[in-house]
Structures are given as structure tokens and as C-alpha cells.
Amino acid sequence: MTKPVIVALDFADDFECIEFLSQFPKDTDLFLKIGLEMFCQFGYPFVRSLRNRGYKIFLDLKLHDIPNTVRRTCEMIAKWDVQMLTVHASGGSEMIAAAKEGLANSDTKLLAVTQLTSLGQDELENELQIPLQSQDYVTHLAKLAYENGADGVISSALEVPLIKEATGNDFLCVTPGIRPKSAQVGDQKRVATPAKAKELGSDAIVVGRPITQADDGFNAYNDISEEWK
Ligand SMILES: O=c1ccn([C@@H]2O[C@H](COP(=O)(O)O)[C@@H](O)[C@H]2O)c(=O)[nH]1
């Protein structure tokens, strides 16, 4: 599979989202991320309608609960034929393993979120009181995810070489916090350009606002894909 640019659909309104998608020619092989904002409003019917249109779906629900609840939720999502699902790695070993068990009868890849890309070293140490360097914390959580059956992690592109070294080349590193040089960084802290993410070995990049809020989303998607190729 070619390494995808995954478009994060963070729209407040489903009509706006469908209008955005209508800019793309029918044969564009789009990989779309549905996160909490759209899922909480439009739920599974929205996921199903995008799957029925042929899009690949990354369902970014970032599950974080006790193992039994996460397993049962994953058993339900396993029937939805989505390509990727997230849980928080900080939910612990049992929770990650339970999520994997729940997805057992599906092709859905389980990805564990390490340290959110909106958190920098300062927030890690002073707010979360985790006395580690960000890259060590991310690598630690990636190893936990790897050892408990996850297929990969969500991290910043900056940590990919360390994660691959600690786990293996086949362990997926899907990286949000992507900002082309001209884009606003906004609330993201650990960012990389598409070209840097490629150089560092990301398996897929996740891009939201630099595409969805661009004057010409299709053009922005093409420029980013070109830089990532
Ligand atoms: O650590 C994380 C985990 C998830 N995300 C999600 O990715 C997109 C990024 O959107 P941008 O507009 O390109 O910033 C968004 O949906 C986040 O929920 C993340 O950014 N970092």
C-alpha cells in the first residue's frame, strides 16, 4: 500500500464536509479520519455512508477506559469495516490487549496514541508531572503498545526513528502535527513538514486544517501529497 495522506475531517457540519469532499475527483483514493467532533454528532451512520462511498476510514475515537469496556466497544467497531481505530496507550497494557482482542475478527488496525502532538516538554513535565523527556515517554508508550498487540502508534513524526528502533520497522507510525512551511501551527506543539515526516520514516501523515481550511482544499491536498511522495 502506498503511504497515505490521511485527511482529518474536523467539520462542525456534515453538509460542509460533503461539500469539501465534492472537490475531489471520484477516483481520488482518499483516506479520511473521523474524530470525536464528527462522530459525536453524526455517529455510525456517517461512518457507514463514507465507507459506502468507497473511502478508507481512520476512526480516531482515542478510547481510554477499563479493559472490559474497551474490549466490548472494540467488538462493536470490529463490525464497521474501518481501516484504523485509536486507543490511548496510557490506558495501560491490559486495556491495549483488550482492544486488540475486541478487534480480533476484523482487519481494523489498532493504533495507540502516545503523547498528543499538542503537548510539548513543558506540559509533560509541569502539567502531567511526568519526569521524562518527551521522546523517552513516547518510546516507552510505543513499546507498551507493541508488546500488547497494537499494530502501531500515533506520535509526532519527530519520534518515528526512535519508535522504529524500539519496536520494528513493521510497527506503524501514523503522524499528525503535520504543517507545511506556509501553514499556521495553531495548537500543535510537536510538528513536522510532510517532507520531514517522509525523511523520518512515518507510515502515514494526518493532516486536517492545512487542507480543510485552505481556500482550495484539493490543491492543498495535492501539494502536500507531492511533498510527501
Ligand atoms: O496526537 C494527536 C492525535 C490526534 N490528532 C488528530 O489529528 C488531527 C490533526 O489536525 P490538524 O488540523 O492538522 O492539526 C486532529 O483531528 C487531531 O484530533 C492530533 O493532532 N494529535
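Calculation rules
- Residues numbered from 1 in each chain as written.
- Predicted model: local features only at pLDDT ≥ 70, side-chain atom pairs only at ≥ 80, totals over all residues.
- Helix = DSSP H or I, 4+ residues; strand = E, 2+ residues; numbered from the N terminus.
- Rg over C-alpha atoms; globule rule 2.2 N^0.38 Å.
- Contact = placed C-beta atoms within 7 Å.
- Near = placed C-beta within 6 Å.
- Nonpolar A, V, L, I, M, F, W, Y, C, P; charged D, E, K, R; others polar.
- Buried ≥ 20, exposed ≤ 12 C-beta atoms within 10 Å, placed from the backbone.
- Arc of directions from axis to C-beta.
- Pairing = 2+ DSSP bridges.
- Right-handed = clockwise from strand over helix to strand, strands pointing away.
- Core = buried A, V, L, I, M, F, W, Y, C linked by C-beta atoms within 7 Å.
- UniProt positions renumbered as here; feature names shortened; annotations may be inferred.
- Axes fitted to C-alpha atoms, helices over the stretch in contact; angles between N-to-C directions.
- Parallel < 35°, antiparallel > 145°, perpendicular 65-115°, else oblique.
- Left-handed = near helix turned anticlockwise from the far one by under 90°.

A.B. asks: How should the overall build of the protein chain be read in this particular structure?
C.D. replies: Looking only at helices and strands, the protein chain has 10 helices and eight strands in total. What you see for the protein chain is a C-alpha radius of gyration of 17 Å, in line with the 17 Å of a compact globule of 229 residues. In terms of overall dimensions, the protein chain has a C-alpha envelope of 45 × 40 × 35 Å along the principal axes. Taking as baseline every contact in the protein chain between residues at least 6 positions apart, the subset at least 24 positions apart corresponds to 67%.

A.B. asks: Before we go on, may I ask you to explain the site of the ligand in this structure?
C.D. replies: The immediate surroundings of the ligand are formed by 15 residues, with Ala8, Thr117, Pro176, Gly208 and Arg209 found nearest. Of all the secondary structure elements, the ones that give two or more residues to the shell around the ligand are strand 8 (204-207) and helix 9 (209-212). For the shell around the ligand, a count of residues per class yields eight nonpolar, five polar and two charged.

A.B. asks: Any chance you could explain unusual backbone geometry here in plain terms?
C.D. replies: Negative phi is the rule for most residues except glycine; trans is the rule for most peptide bonds. Located in the positive-phi region is Lys62, a residue other than glycine, with phi close to 45°. For Lys62, the position within the fold is in strand 3 (residues 56-63). Take Lys62: there are 17 C-beta atoms within 10 Å of it, and that puts it in the partly exposed class. One non-glycine residue with positive phi stands out, namely Gln129, at about 60°. With respect to the element layout, Gln129 can be found in the loop between helix 5 (121-127) and helix 6 (134-147).

A.B. asks: Just checking my understanding: could you explain helix 3 (residues 67-77) for this structure?
C.D. replies: Every α-helix carries 3.6 residues per turn, so stepping three or four residues along brings you back to the same face. Residues of helix 3 that are buried include every one of Val70, Arg71, Cys74 and Ile77, and no others. One face of helix 3 carries all of its buried residues, which in axial projection span an arc of 125°. The exposed set on the far side of helix 3, more than 90 degrees from its buried face, consists of Asn68, Arg72 and Met76. Those residues of helix 3 that are buried lie in contact with strand 3, strand 4 (84-88) and helix 4 (93-102).

A.B. asks: Mind showing me how you'd approach helix 4 here?
C.D. replies: Buried within helix 4 we find Met95, Ile96, Ala98, Ala99, Lys100 and Gly102. Summarising the contacts, the buried residues of helix 4 are in contact with strand 3, helix 3, strand 4, strand 5 (109-113) and helix 6.

A.B. asks: Which parts of the structure should I look at to understand the pairing of strand 3?
C.D. replies: If a strand is regular, its side chains alternate between the two faces of the sheet. Where strand 2 (residues 31-34) and strand 3 come together, four bridges link them in parallel fashion. When the bridges of strand 3 are listed, Ile34 appears paired with Leu59. After leaving strand 2, the chain enters helix 2 (residues 36-52) and then returns to the sheet as strand 3, a path that is right-handed. In the sheet, strand 3 pairs with strand 4 via three bridges, with the strands oriented parallel. If you follow Leu59 over to strand 4, its bridge partner there is Leu85. As a crossover connection, the stretch from strand 3 through helix 3 into strand 4 is right-handed.

A.B. asks: How should I be thinking about the environment of Gly35 in this particular structure?
C.D. replies: Positionally, Gly35 belongs in the loop between strand 2 and helix 2. With residues up to four places along the chain from it excluded, the contact list for Gly35 reads Ala8, Asp10 and Asp60.

A.B. asks: I tried to follow the nonpolar core on my own but got confused; where do I start?
C.D. replies: A general tendency of soluble globular proteins is for nonpolar side chains to be buried together. Ranked by internal contacts, the top residues of the largest apolar core, which has 63 residues, are Ala99, Ala112 and Val153. For this core, the element with the most residues is helix 6, which contributes six residues. Excluding its chain neighbours within four sequence positions, the residues that come into contact with Ala112 are Val87, Ala89, Ile96, Leu141, Ala145, Ala150 and Val153.

A.B. asks: Looking at this model, I keep getting lost on the UniProt feature "active site" (unreviewed entry) in the protein chain. Mind explaining?
C.D. replies: Here, the residues flagged by UniProt with the feature "active site" (unreviewed entry) are Lys62. Ignoring any residue separated from it by four or fewer positions in sequence, one finds Lys62 in contact with Thr86, Val87, His88 and Val113.

A.B. asks: How should I be thinking about the sheet that holds strand 3 in this particular structure?
C.D. replies: With respect to topology, eight strands assemble into a closed barrel ordered 1-2-3-4-5-6-7-8, the strand pairing being parallel. Within this sheet the neighbouring strands show an average axis-to-axis angle of 25°, counted without direction.

A.B. asks: Can you help me understand the packing of helix 3 against helix 4 in this one?
C.D. replies: The description of two helices packed together rests on the angle between their axes and the distance between the axes. With their axes 7 Å apart at the nearest point, helix 3 and helix 4 run at an angle of 25° to one another. In terms of orientation, helix 3 and helix 4 fall into the roughly parallel class. Two packed elements cross with a definite hand, and for helix 3 against helix 4 that hand is right-handed. Within the contact between the two elements, helix 3 uses Pro67, Val70, Arg71, Arg72, Thr73, Cys74 and Glu75 and helix 4 uses Glu94, Met95, Ala98, Ala99, Glu101 and Gly102. Grouping the amino acids of the contact of helix 3 with helix 4 by side-chain chemistry returns six nonpolar, two polar and five charged.

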